[in-house]
Amino acid sequence: MQAYYVNNDQTKNPGLHHEVHTADCAGGIVNKTYLGYFDNCVPAVAAARKIYSDADGCAKCCPNCHRG
């Protein structure tokens, strides 16, 4: 299980959407919301979409959930 976060500042990525990151990847992000522990990125992105409808997985730490 991994801890996941969503970046609250969508201007910090090229796609201009709110990205979901694992705890290891989100360490440098200041403005983020804790989503919880999940087995993989799919339920983490689903949880983030309850907050931000444009939530997407990070290309680096959540490639299976990254739409672009």
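Residues numbered from 1 in each chain as written. Predicted model: local features only at pLDDT ≥ 70, side-chain atom pairs only at ≥ 80, totals over all residues. Heavy atoms only, no water.

Further remarks concern the overall build of the protein chain. Helix and strand counts for the protein chain stand at one helix and four strands. For a compact globule of 68 residues, the expected C-alpha radius of gyration is about 11 Å, and the protein chain comes in at 10 Å, within 12% of that figure. Taken over the C-alpha atoms alone, the protein chain extends approximately 30 × 20 × 20 Å along its principal axes. For the protein chain, with 68 residues in total, the buried portion stands at 41%. Considering only intrachain contacts with a sequence separation of at least 6, the fraction spanning at least 24 residues in the protein chain is 53%. When the accessible surface of the protein chain is split by element, carbon and sulfur atoms take 51% of a total near 3,900 Å². Here the protein chain contributes 6 positive and 6 negative side-chain charges, whose respective centroids are spaced 2 Å apart. (Helix = DSSP H or I, 4+ residues; strand = E, 2+ residues; numbered from the N terminus. Rg over C-alpha atoms; globule rule 2.2 N^0.38 Å. Buried < 20%, exposed > 50% of the residue type's maximum accessible area, 1.4 Å probe, protein only. Contact = heavy atoms within 4.5 Å. Areas by Shrake-Rupley, 256 points an atom, 1.4 Å probe, with all protein chains shown as cover. Lys, Arg positive; Asp, Glu negative; His and termini not counted. Charge placed at Lys NZ, Arg CZ, Asp CG, Glu CD.)

Taken as a whole and judged by the stated rule, the model has one disulfide. With its sulfur 2.1 Å from that of its partner, Cys41 forms a disulfide with Cys65. As the torsion about the S-S bond is roughly 85°, the Cys41-Cys65 disulfide counts as right-handed. Taken together, the residues span a long stretch of sequence, with Cys41 in helix H1 (residues 41-49) and Cys65 in the segment after strand E4 (56-57) at a distance of 24 residues. Comparing Cys41 with Cys65 shows no difference in burial state: the two are buried. There is no disulfide at Cys58, and the cysteine sulfur nearest it, in Cys61, is 3.8 Å away. We classify Cys58 as buried; its relative accessible area is 6%. (Disulfide = S-S within 2.5 Å.)

Overall, mixed pairing links the four strands, which are arranged E3-E1-E2-E4 in an open sheet. Each end of this open sheet is capped by a strand with a single partner; those strands are strand E3 (32-38) and E4. Bridge count between strand E2 (residues 19-22) and E4: two bridges; the pairing is parallel. By the bridge assignment for E4, Val20 is matched with Gly57. Strand contacts of H1: strand E1 (2-7), E2, E3 and E4, with the helix running at about 140° to E3, the strand carrying the most contacts. (Pairing = 2+ DSSP bridges. Axes fitted to C-alpha atoms, helices over the stretch in contact; angles between N-to-C directions.)

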